[in-house]
Number of protein chains: 2
Amino acid sequence: MKNLPDKTVERLCQYRRSLNNQLATGKTHIFSHEIANLLHITSVQVRRDIMLIGHSGTLRKGYDIKEMVKLIGKIIDTKEGQRIAVIGMGNIGKAFIHYLYEKRSKLKVVASFDVNPDKIDKTYADVYCYHFGRLKEIIQKEDIKIGIITTPPMVAPEVCENLVTAGIKGILNFTPKPLSVPDDVYLEEYDMITSLEKVAFFVKHNE
Amino acid sequence: MKNLPDKTVERLCQYRRSLNNQLATGKTHIFSHEIANLLHITSVQVRRDIMLIGHSGTLRKGYDIKEMVKLIGKIIDTKEGQRIAVIGMGNIGKAFIHYLYEKRSKLKVVASFDVNPDKIDKTYADVYCYHFGRLKEIIQKEDIKIGIITTPPMVAPEVCENLVTAGIKGILNFTPKPLSVPDDVYLEEYDMITSLEKVAFFVKHNE
DNA sequence: TTTTGCTTGTTAATTAATTCACAGCTATAA
DNA sequence: TTATAGCTGTGAATTAATTAACAAGCAAAA
């Protein structure tokens, strides 16, 4: 279960979300092509992903939704849940905290950091904001393993280094500045502007 | 130049950003392996992308940074710039507006929409916020071709439909709700929570 | 009971993306 | 001038991701 392809992991997360929505409507079983339609992908892809996680559907009845949600949870979540820090309490940082506050999942933001005195020592959606200088201390005390970087790009490398030495094992970098980390730390990067520029490119070239 | 692979387009955007940074340091030429290092990819990849856009470097001197920036601009930007609307003035919506306000690029947010009376008829970073009911009117009047959806997921499909009928040609969906659009509209989707769950997965399976 | 139609699970084929490997060139050093 | 070292550009090979194709099974209809 360890060696699932990147893309499959992404889709599993999406399956779970959609399946939960379906559960809420009272459905108990679902066909691969129904899942596919929800996510606008092909049913083969869905079946293949399900195959990769070693699950089986019932012929002619489809997949048991509850079972699948549970299984995906087993694959993605840890039993105790994972503890997260947000570094940089700008709009994006707040968005994360807000979102994870609403959906209670196994992912929990337990601390945030900033250097702006207006933000420090305040609480946003139950998450306390510490001064960045206390990063290492708090991360170790709170047993935080995942960090989300939502600072201005310029300071991202410094933040990253601090996270790594504090013992973080996964980083989600929302900064346009590419970071590098040791092999034992997982790094995921996303840049909003690149996404937007991509859209702009295809709009330009479609007419 | 029309048929660049998706991934190449993304990287070109990143090259441009990095190259601009390099320009600011006074450099005039750069080697493929230097670009590669900045972005943590391989130099072959860089050279191949540059090949795909039909550019050539100078042997032993590398690529002329200014020229490359200009060329990438020609590929990605339109001459007049592209006009953008943000629908949903929550944290993410604000983040976009703020970001595009600072970097003045060819991408310009010229209108935002919400349904919250506290936000309507106010201005954020020079962007006026209209009531969602006026979407079509304003989009057509302002000749907006790209929409960024940053509303609550529930209303995203409705927003999407409205954007399409208003004549939008590209949509960036920041909602976890998958959307569908006609063939002549380009759709890019991103879900922050999926990214985070992916990090969580790999952290879990790395130890 | 037999047939029909529909769905899963999976192997094989295809397509997309990346990396290898190296020919060809050129500035610099010898 | 003649090596030498280093970088570009690109076909060929490899790897990753997706899609096609279909055997196998089962529920419902005939």
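Because the structure is predicted, anything quoted here is derived from the model rather than measured. (Residues numbered from 1 in each chain as written. Chains lettered and ligands numbered in written order. Predicted model: local features only at pLDDT ≥ 70, side-chain atom pairs only at ≥ 80, totals over all residues. Heavy atoms only, no water.)

Colleague: Even after reading the chapter, I still don't get the overall build of chain A, so can you show me in this structure?
Modeller: The secondary structure content of chain A amounts to 8 helices and 9 strands. Considering only C-alpha atoms, chain A reaches an extent of 60 × 50 × 35 Å along its principal axes. For chain A, buried positions account for 50% of its 207 residues. Nonlocal contacts in chain A, meaning residues at least 24 apart in sequence, comprise 55% of its contacts between residues at least 6 apart. Of the roughly 10,200 Å² of accessible surface on chain A, 51% is carried by carbon and sulfur atoms. (Helix = DSSP H or I, 4+ residues; strand = E, 2+ residues; numbered from the N terminus. Buried < 20%, exposed > 50% of the residue type's maximum accessible area, 1.4 Å probe, protein only. Contact = heavy atoms within 4.5 Å. Areas by Shrake-Rupley, 256 points an atom, 1.4 Å probe, with all protein chains shown as cover.)

Colleague: Looking at this structure, I do not really get the sheet that holds strand E6 (residues 127-131) of chain B. What am I missing?
Modeller: The strands that make up a sheet are held in pairs by hydrogen bonds between backbone atoms, and each pair lies either parallel or antiparallel. All names here are of chain B. Within the open sheet, the 7 strands sit side by side as E5-E6-E4-E3-E7-E8-E9. Their pairing is mixed. The two strands at the open ends of the sheet, each matched to only one other strand, are strand E5 (123-124) and strand E9 (186-189). Taken strand by strand, helix H7 (residues 156-166) contacts strand E3 (82-87), strand E7 (146-149) and strand E8 (170-173), and its axis lies near 175 degrees from that of E7. (Pairing = 2+ DSSP bridges. Axes fitted to C-alpha atoms, helices over the stretch in contact; angles between N-to-C directions.)

Colleague: Is there a simple way to explain the domain arrangement of chain A in this structure?
Modeller: Examined at the domain level, chain A breaks down into domain 1 (6-74) and domain 2 (82-194). Taking only C-alpha atoms into account, the centre of domain 1 of chain A sits 31 Å from that of domain 2 of chain A. (Domains from an automatic or database assignment.)

Colleague: It is not clear to me how the packing of aromatic side chains should be interpreted in this structure. Could you clarify?
Modeller: Note on aromatic pairs: each is described by the distance of the centres and the angle between the planes. For the coordinates displayed, the defined rule picks out 15 aromatic pairs over all chains. Where Phe96 of chain B meets Phe174 of chain B, the ring centres are 5.2 Å apart and the plane angle is 90 degrees; that geometry is what we call edge-to-face. Placement of Phe96 of chain B in helix H5 (residues 91-102) and of Phe174 of chain B in the loop between E8 and E9 is noted, with a sequence separation of 78 residues between them. Taking the relative accessible area as the measure of exposure, Phe96 of chain B reaches 0% and is therefore buried. What makes Phe174 of chain B buried here is its relative accessible area of 9%. Plain terms: the ring middles of Phe201 of chain B and Phe202 of chain B are 4.9 Å apart, the flat faces sit at 90 degrees to each other, and that makes the pair edge-to-face. Summarising the burial analysis for this pair, Phe201 of chain B and Phe202 of chain B share the class buried. An aromatic cluster is present here, built from Phe96, Phe174 and Tyr190 of chain A together with Phe96, Phe174 and Tyr190 of chain B joined pairwise through their rings. (Phe/Tyr/Trp six-rings, centres within 6.5 Å; stacked < 30°, edge-to-face > 60°.)

Colleague: What's the story with the protein's contact with DNA strand C in this structure? I'm lost.
Modeller: All names here are of chain A. Among the 21 residues in the neighbourhood of DNA strand C, the closest are listed as Ser32, Arg47, Arg48, Gly57 and Tyr63. In DNA strand C, atoms within 4 Å of the protein come 53% from sugar and phosphate. With respect to DNA strand C, the side chain of Arg48 contributes an N or O atom lying 2.5 Å from a base oxygen. Of the residues forming the surface near DNA strand C, the biggest block, 4 residues, is contributed by helix H3 (residues 43-52). (Near = heavy atom within 4 Å. Polar contact = N/O pair within 3.5 Å; in protein donor to acceptor, adjacent residues only side chain to side chain.)

Colleague: Looking at this model, I keep getting lost on the protein's contact with DNA strand D. Mind explaining?
Modeller: Close contacts around DNA strand D come from 21 residues, with Ser32, Arg47, Arg48, Gly57 and Tyr63 of chain B the closest. One of the side-chain nitrogen or oxygen atoms of Ser32 of chain B is found 2.6 Å away from a phosphate oxygen of DNA strand D. At 2.7 Å, a side-chain N or O of Arg47 of chain B approaches a base nitrogen of DNA strand D. Among the elements of the structure, H3 of chain A together with helix H2 (32-39) and helix H3 (43-52) of chain B are those that each provide at least two residues to the surface near DNA strand D. When grouped by side-chain class, the residues that make up the surface near DNA strand D number 8 nonpolar, 7 polar and 6 charged. (Nonpolar A, V, L, I, M, F, W, Y, C, P; charged D, E, K, R; others polar.)

Colleague: I would appreciate a short explanation of the pairing of strand E4 (residues 107-114) of chain A in the present structure.
Modeller: Each regular strand displays side chains that alternate between the two surfaces of the sheet. Residues and elements named next belong to chain A. Counting buried residues along E4, 7 of its 8 residues qualify, which places the element largely inside the surrounding structure. By the bridge criterion, 6 bridges tie strand E3 (residues 82-87) to E4 in an arrangement that is parallel. For Gln82, the partnering residue across the bridge sits in E4 and is Leu107. Pairing geometry for E4 and strand E6 (residues 127-131), over 3 bridges, is parallel. Note on E6: the bridge partner recorded for Asp114 is His131.

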